[in-house]
Amino acid sequence: MNKVLILLVTLLLISSPAWAGEKAAATDKLSMSATQTATISAAVEAINHETREVTLRGPEGNTVSFVASEEARNLDQVSVGDIVVAEYMESISVDVFANDGMEPGTGELVVTGRSEKGEMPGGAVMDTVVVTATVEDINIEANTFKLKGPDGKVKEYTARNPENLKKAEVGDLVVITFTEAIALSVKKTAAE
C-alpha cells in the first residue's frame, strides 16, 4: 500500500502544468487552485470470508454491508475489529499561459494500484483530467470572458473576481486540471 501512496503523491506533484520555479518566473498570469480532503474510518463488525460479505460500523454507529469483489485481494487477512480507512482528495487548478499556437484539447490519466499478495488489503485510484481552452474575448466592463473549448464551441462566463480578467489576454491558453483520488487501507487493531 505504501508504494501506491508514494505513486499518488508523485503524480500529484508532477500533474501541475508548470514547475514551481516556472510559476515564480512567469508573468502575472492567473494561477489558482483549491484542494479538499476527507478521511473516514470504520471498524469491521462482521466478515464472511466465503461469501465475501463485509459489514462496517462507521464513527457515528451507522453500519453498511457489501460484498467485496474479487479485486479485493487478501480479504482472508481481515478480521472483526480491523479498521478500514478511506482517504479522499480532490483538487482543481486553473492556470493561464501565453499561447504559442496550441489548440484546445483534453486528456485524462487514471492510475490504480493495490496491495501485493500477502499484504493487508488496500488500494488506490487517481483520476486526473486536463482540459485546455483558449481565451476568445475579455469584457472588463461586463465582467465576462469567452473560452473556446476542445469541442470548438465558444462559451461565455462571468468572472468571480473581476481583477482576474486583467491577468489574461485574448489568445491565452487556459489549463484546467481536476484530480480525484481515493485510497483504501485496512489496519489491524492494536490488540492483535
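Residues numbered from 1 in each chain as written. Predicted model: local features only at pLDDT ≥ 70, side-chain atom pairs only at ≥ 80, totals over all residues. Heavy atoms only, no water.

Colleague: Honestly, the pattern of salt bridges in this entry has me stumped. Any pointers?
Modeller: Two side chains with opposite charge may pair up if their charged atoms get near one another. Within the structure shown, the criterion is met by 7 salt bridges. A salt bridge links E70 to R52; the nearest nitrogen and oxygen atoms lie 3.7 Å apart. Here E70, found in the loop between β3 (63–67) and β4 (83–97), pairs with R52, found in the loop between β1 (31–48) and β2 (53–57); they are 18 residues apart in sequence, far enough to count as distant. For R52, a relative accessible area of 14% corresponds to the buried category. E163 is paired through a salt bridge with K166; the nearest N and O atoms lie 3.2 Å apart. (Salt bridge = Lys/Arg side-chain N within 4 Å of Asp/Glu carboxyl O. Helix = DSSP H or I, 4+ residues; strand = E, 2+ residues; numbered from the N terminus. Buried < 20%, exposed > 50% of the residue type's maximum accessible area, 1.4 Å probe, protein only.)

Colleague: I tried to follow unusual backbone geometry on my own but got confused; where do I start?
Modeller: Leaving glycine aside, a negative phi is the common case for residues, and trans is the common case for peptide bonds. If you check the backbone angles, R52 has positive phi at about 70° while not being a glycine. Phi angles above zero are rare outside glycine, and N143 is one such case at about 60°. By the element assignment, N143 lies in the loop between β6 (122–139) and β7 (144–148).

Colleague: So what exactly am I meant to see when it comes to the environment of V44 here?
Modeller: Locating V44 in the fold gives a position in strand β1. Taking the relative accessible area as the measure of exposure, V44 reaches 3% and is therefore buried. Those residues within four positions of V44 in sequence are excluded, and the remaining contacts are V54, T55, L56, V78, S79, V80, G81, D82 and V84. (Contact = heavy atoms within 4.5 Å.)

Colleague: Whenever I open this one, the nonpolar core confuses me. Can you help?
Modeller: In a soluble, globular protein the nonpolar side chains are often hidden away together inside. Within the largest apolar cluster, 11 residues are counted, these being L30, V94, V96, A133, V135, I138, L147, A159, L165, A168 and V174. Residue assignment for this core shows that the elements contributing at least two residues are β4 and β6. Counting residues per element, this core draws most heavily on β6, at 3 residues. Not counting the four nearest positions on each side in its chain, A133 is found in contact with P104, L147, K148, G149, D172, L173 and V174. With 10 residues, the next largest nonpolar core counts A42, V44, L56 and A68 among its residues. (Core = buried A, V, L, I, M, F, W, Y, C linked by side-chain atoms within 4.5 Å.)

Colleague: What should I look at first to understand the pairing of β4 in this one?
Modeller: Put simply, side chains in a regular strand alternate between the two faces of the sheet. Alignment of β1 against β4, held across 13 bridges, turns out to be antiparallel. Across the sheet, the residue bridging to S31 is D95, located in β4. Across 15 bridges, the pairing between β4 and strand β9 (residues 173–187) is antiparallel. Bridged to V94 within β9 is I176. (Pairing = 2+ DSSP bridges.)

Colleague: Quick question: what am I supposed to make of the environment of L109 here?
Modeller: With respect to the secondary-structure elements, L109 resides in strand β5 (residues 105–114). Once the C-alpha coordinates of L109 and T128 are considered, the two residues, 19 residues apart in sequence, prove to be 5.2 Å apart.

Colleague: Help me understand a nonpolar patch on the surface, please; the structure alone is not making it clear to me.
Modeller: On the surface, a cluster of nonpolar side chains totalling about 310 Å² of accessible area is made up of V110, V125, I182 and L184. Relative to the helices and strands, L184 is located in strand β9. For L184, a relative accessible area of 41% gives the class partly exposed. (Patch = residues over 30% accessible without salt bridge, like charges linked within 9 Å, V, L, I, M, F, W, Y side chains within 5 Å. Areas by Shrake-Rupley, 256 points an atom, 1.4 Å probe, with all protein chains shown as cover.)

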